[in-house]
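# Secondary and tertiary structure notes
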Amino acid sequence: MTEGLRRLLEISSQRALARLATSNGYLNDPAARITLPGGSSDRSAAVLGALLRSAPVQRELTLAINRAAGEAADRAAPLVYDSIQSLTFSDALGIVRGGPTAATSYLERSIGAQIIDAMFPEIGEALRQIGGGSILGPVLGAATGIDIPAIQRAVTSQASQGLWRAIGREEAAIRAVPARAGDPLVEAILTGRIPG
């Protein structure tokens, strides 16, 4: 049973990561897409907010952040796969008895904030690269008091939550139609025909 649930998590994670790690994976997935964090209420943030709401800046920044999230998800993949291997029999019992995303919830709990740590550097690098020859450099340079680390944390948090939603969606689809896993052991576990 434990091995079958590991396979369920591996299949769900591989499918979600393969989709999200493409250049526009996060952007093209409404459940994972990252939105720009809001600013504070001080004057510089209000000016920056007005500039950031302009259509060209919104498009470029959203594209850059979502592409960085795809690269960050790829960076986090080894952590996800390592955590899957640590699944125990007692974890497996809880997952089998759980809801449509119980395995994903287990994975999210077992990894915890480590997923943020794995994704954080990639997102930060993308935020630092925004500018050079684009419209965003001057816009961000015109404002003062921008808390880039706070933006980095907010975007990374959204990226990790998008990853969990994508994995959970894959898991729920497989649980609804176990044959979609393409794995006889996973199908047997989910249909109650556990091999002896």
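Residues numbered from 1 in each chain as written. Predicted model: local features only at pLDDT ≥ 70, side-chain atom pairs only at ≥ 80, totals over all residues. Heavy atoms only, no water.

Formed by 41 residues in total, the largest nonpolar core has its most connected members in Tyr 26, Leu 107, Ile 115 and Met 119. In this structure Leu 107 touches Leu 9, Ser 13, Val 80, Ser 83, Ile 84 and Trp 164, once residues within four positions along its chain are discounted. (Core = buried A, V, L, I, M, F, W, Y, C linked by side-chain atoms within 4.5 Å. Buried < 20%, exposed > 50% of the residue type's maximum accessible area, 1.4 Å probe, protein only. Contact = heavy atoms within 4.5 Å.)

Time to look at helix α5 (residues 102-111). Owing to its 3.6 residues per turn, the α-helix brings residues three or four apart onto one side. Among the residues of α5, those classed as buried are Ala 102, Ala 103, Thr 104, Tyr 106, Leu 107 and Ile 111. One or two steps after α5, the chain reaches Gly 112, where phi turns positive at roughly 60°. (Helix = DSSP H or I, 4+ residues; strand = E, 2+ residues; numbered from the N terminus.)

Where helix α1 (residues 2-20) meets α5, the closest approach of the two axes is 10 Å, and the angle between their N-to-C directions is 85°. Classified by the angle their axes make, α1 and α5 are roughly perpendicular. Packed against α1, whose contacting residues are Leu 8, Leu 9 and Ser 13, the element α5 presents Ala 103, Thr 104, Tyr 106 and Leu 107 at the interface. When the residues that make up the contact of α1 with α5 are grouped by side-chain class, the tally is five nonpolar, two polar and no charged. (Axes fitted to C-alpha atoms, helices over the stretch in contact; angles between N-to-C directions. Parallel < 35°, antiparallel > 145°, perpendicular 65-115°, else oblique. Nonpolar A, V, L, I, M, F, W, Y, C, P; charged D, E, K, R; others polar.)

Right, let's talk about the pattern of salt bridges for a bit. Enumeration over the complete set of coordinates arrives at seven salt bridges. Here Asp 183 and Arg 7 are joined by a salt bridge, their closest N and O atoms 3.2 Å apart. With Asp 183 in the loop between α8 (148-176) and α9 (184-191) and Arg 7 in helix α1, this residue pair connects regions lying 176 residues apart in the sequence. The residue Asp 29 makes a salt bridge to Arg 169 at a minimum N-O spacing of 2.4 Å. Of the two residues, Asp 29 sits in the loop between α1 and α2 (43-52) while Arg 169 sits in helix α8, which places them 140 residues apart along the sequence. Judged by relative accessible area, which is 5%, Asp 29 ranks as buried. According to the relative accessible area criterion, Arg 169 is partly exposed, its value standing at 34%. It is possible to trace a salt-bridge network through shared partners that takes in Glu 3, Arg 6, Arg 7 and Asp 183. (Salt bridge = Lys/Arg side-chain N within 4 Å of Asp/Glu carboxyl O.)

This part takes up the packing of helix α3 (residues 55-85) against α5. α5 packs onto α3 with a crossing angle of 105° between their chain directions and a minimal axis gap of 10 Å. Considering the angle they form, α3 stands roughly perpendicular to α5. Between α3 and α5, the contacting residues are Leu 79, Val 80, Ser 83 and Ile 84 on the first element and Tyr 106, Leu 107, Ser 110 and Ile 111 on the second. The class makeup of the residues in the contact of α3 with α5 is six nonpolar, two polar and no charged.

What follows deals with α3. With 31 residues, α3 should cover 45 Å at 1.5 Å per step; its first-to-last C-alpha distance of 45 Å lies within 8% of that length. At Ala 76, α3 is deflected by roughly 40°, the largest bend along its length, and proline Pro 78 occurs up to four residues later in sequence. (Expected span 1.5 Å × (residues − 1). Bend = angle between axes of the 7 residues up to and from the residue.)

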